[in-house]
Structures are given as C-alpha cells and as structure tokens.
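Examining the three-dimensional arrangement
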Amino acid sequence: MSKKLAKIRKLVKSKFEENDWKYHILPVVNYTKKLARIYKVDREVAELAALLHDIGRADIKHDEDHHIVGIPIAEKILRNFDYPEKVIEEIKHVIASHRTSKGPKPRSIIAKIVANADAMAHFDILPVFFWWRHGRENFEETVEWVKNKTEKDWQKKLTLPGAKKMVEKKYKAIKLLLNSLRYHEKEK
Ligand SMILES: [Fe+2]
Ligand SMILES: [Fe+2]
C-alpha cells in the first residue's frame, strides 16, 4: 500500500463511526480489492474509490444525498494528496454512481466494482442490519426492509457475474432464514 493511500485510509477511518467503518466501509474496501484483482483494474484507484464512496455519509445529516455531497469532499482530499486529474474524475464518478436508486449508472469498470462491492458487503452483516434498524420501525417492518434491501442488491446492484457468484450462497441463506420466520404460521 502506498504511503498516500495509507494516510487516506486513516483519515477516512477517523471520519466514520466505528461500527460503520468496521461493518460497511471496510467490507466494501475488501470486496473491491478482490474484484479489482479479478477484473484487472488499478488496485490503488479502486481502493481509494471504495474508501471514499460513502464519504458524504460520514456526516449523518447527508444520508439521502451522500452520493452528491461526497463529491467535493473526496475531491478536496485527493487534491491535497496530489492525485492526478484523471484519478480524481474517476473517483467522482464512482461516488455519483454507487447507488442504484439515485444518480447516474456506473460507466467505468471501477465504478461497477465499487457499486457491486457496496451490495456484497450487505450480505455479510445480516445481524448488524437488525441492530442498526432497531427502534426505527417494528420488528416485522425491519424484516421487510432487510428482505427488500437484499433483493434490490441481488437484482439491481450485483451486475458483475464474478461478484454475484461470490455472494450467491449467502443470498440464498439470508432468504431461507428470513422466510423461515413465517414458517410456523403456515403449518396446519
Ligand atoms: Fe452509499
Ligand atoms: Fe456504501
């Protein structure tokens, strides 16, 4: 890892709440690195993009538009570390396009990788979702929320075959476990 990348990693880590870093940003970074190897793209740029993809959300007030407010924040960080214009433009596109519900579609392979890794990370943290949603709605609404999120990730965000293959077993396991919650209601 380059010195610049190590410093940015430390900086991004300091901006996120500990569990958000541990259970979302770090898994996205790790899946991005795996996909970067498979799809043979620049690993440093891919890792930087993954680290910065949710930077607009580090400030909790900007959850809804974090794909927009994150752009100038990332741009400033990258300029401070003297990254070339081409890298800055690539990462700005990654941030703008990493959601499926909002913003442009990912065009570059690195943007596709980060959007896929963003979804893959969700398949590892099923219990964390329940903990994060606790108190927002009742239990069954949370179950529905997790089901919808899982389905959206699987159907819409996972566009790379290599990514889909890596999480297929977990997707099926999550569906099996969540659907089991209603199993006894159907038993006669
Ligand atoms: Fe995001
Ligand atoms: Fe994310």
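Preceding block: the structure.
Values in this document were obtained by computation on a predicted structure and should not be read as measured data. (Residues numbered from 1 in each chain as written. Chains lettered and ligands numbered in written order. Predicted model: local features only at pLDDT ≥ 70, side-chain atom pairs only at ≥ 80, totals over all residues. Heavy atoms only, no water.)

1. Thoughts on the coordination of the iron ion (ligand 1)
A metal bound by six donors in octahedral fashion has ideal angles of 90 or 180 degrees, whereas one bound by four tetrahedral donors has an ideal angle of 109.5 degrees. Distances from the iron ion (ligand 1) to its protein donors, namely Asp 54 (OD), His 66 (NE2) and His 98 (NE2), fall within the range 2.1 Å. We note that the donor set of the iron ion (ligand 1) lies within a single chain, spaced as D-x11-H-x31-H. Between the iron ion (ligand 1) and the iron ion (ligand 2), a spacing of 3.5 Å is present, and a bridge between the two is formed by Asp 54. In this pair, Asp 54 sits in the loop between α3 (43–52) and α4 (66–80) while His 66 sits in helix α4, placing the two residues twelve residues apart along the sequence. (Donors = N, O, S within 2.8 Å, 3.2 Å for Na, K, Ca; no water. Helix = DSSP H or I, 4+ residues; strand = E, 2+ residues; numbered from the N terminus.)

2. Structural notes on the coordination of the iron ion (ligand 2)
Distances from the iron ion (ligand 2) to its protein donors, His 24 (NE2), His 53 (NE2), Asp 54 (OD) and Asp 118 (OD), fall at 2.1 to 2.2 Å. One can describe the site at the iron ion (ligand 2) as irregular: its four donor atoms subtend angles covering 85 to 176° at the metal. The motif formed by the donor residues of the iron ion (ligand 2), counted along the single chain, is H-x28-H-D-x63-D. (Tetrahedral: all angles 85-135°; square planar, octahedral: opposite > 155°, others 65-115°.)

3. Details of the packing of aromatic side chains
Remark: the centre distance and the inter-plane angle together describe each pair of aromatic rings, the angle taken between the planes. Summed over the entire model, instances satisfying the criterion amount to four aromatic pairs. Seen in terms of ring centroids, Phe 123 and Tyr 171 are 6.2 Å apart; in terms of plane orientation they differ by 70°. Their pairing is edge-to-face. Of this pair, Phe 123 sits in the loop between α6 (109–122) and α7 (126–133) while Tyr 171 sits in helix α9 (residues 161–180), and the two are 48 residues apart along the sequence. Overall, the relative accessible area of 5% leaves Phe 123 in the buried class. Seen in terms of ring centroids, Phe 129 and Trp 145 are 5.3 Å apart; in terms of plane orientation they differ by 80°. Their pairing is edge-to-face. Residue Phe 129 is located in helix α7, and its partner Trp 145 is located in helix α8 (residues 139–157); the two are separated by 16 residues in the primary sequence. Grouped by ring-pair contacts, the aromatic residues Phe 123, Trp 154 and Tyr 171 constitute a single cluster. Between Lys 4 and the ring centre of Tyr 83, over which it is positioned, the NZ or CZ distance is 4.2 Å. (Phe/Tyr/Trp six-rings, centres within 6.5 Å; stacked < 30°, edge-to-face > 60°. Buried < 20%, exposed > 50% of the residue type's maximum accessible area, 1.4 Å probe, protein only. Lys NZ or Arg CZ within 6 Å of the ring centre and 35° of its normal.)

4. What to know about the nonpolar core
Within soluble globular proteins, side chains that are nonpolar tend to cluster in buried spots. In this structure, Leu 52, Tyr 83 and Ile 91 are the most contacted members of the largest nonpolar core, which totals 55 residues. Excluding its chain neighbours within four sequence positions, the residues that come into contact with Tyr 83 are Ser 2, Lys 4, Leu 5, Ile 8, Glu 44, Leu 48, Leu 78 and Ile 88. (Core = buried A, V, L, I, M, F, W, Y, C linked by side-chain atoms within 4.5 Å. Contact = heavy atoms within 4.5 Å.)

5. Some remarks on the side chain of His 98
Along the chain, His 98 turns up in the loop between α5 (85–97) and α6. For His 98, a relative accessible area of 1% puts it in the buried group. Polar side-chain contacts of His 98 include one of 3.0 Å to the side chain of Asp 54. Polar side-chain contacts of His 98 include one of 3.1 Å to the side chain of His 66. (Polar contact = N/O pair within 3.5 Å; in protein donor to acceptor, adjacent residues only side chain to side chain.)

6. Notes on the pattern of salt bridges
In total, this model carries 16 salt bridges according to the counting rule given. The closest approach of N and O atoms between Glu 89 and Lys 92, which form a salt bridge, is 3.3 Å. With Glu 89 and Lys 92 both in helix α5 and three residues apart, the pair spans about one turn of that helix. We note a salt bridge from Glu 140 to Arg 182, for which the minimum N-O separation is 3.2 Å. (Salt bridge = Lys/Arg side-chain N within 4 Å of Asp/Glu carboxyl O.)

7. Let's talk about α7
Taken as a whole, α7 has its buried residues at Leu 126, Val 128, Phe 129 and Arg 133. Seen along its axis, α7 keeps its buried residues to an arc of 155°; they face one direction. Those residues of α7 that are exposed and aimed more than 90 degrees away from the buried face are Pro 127 and Trp 131. On its buried face, α7 is in contact with α2 (18–38), α6, α8 and α9. (Arc of directions from axis to C-beta.)

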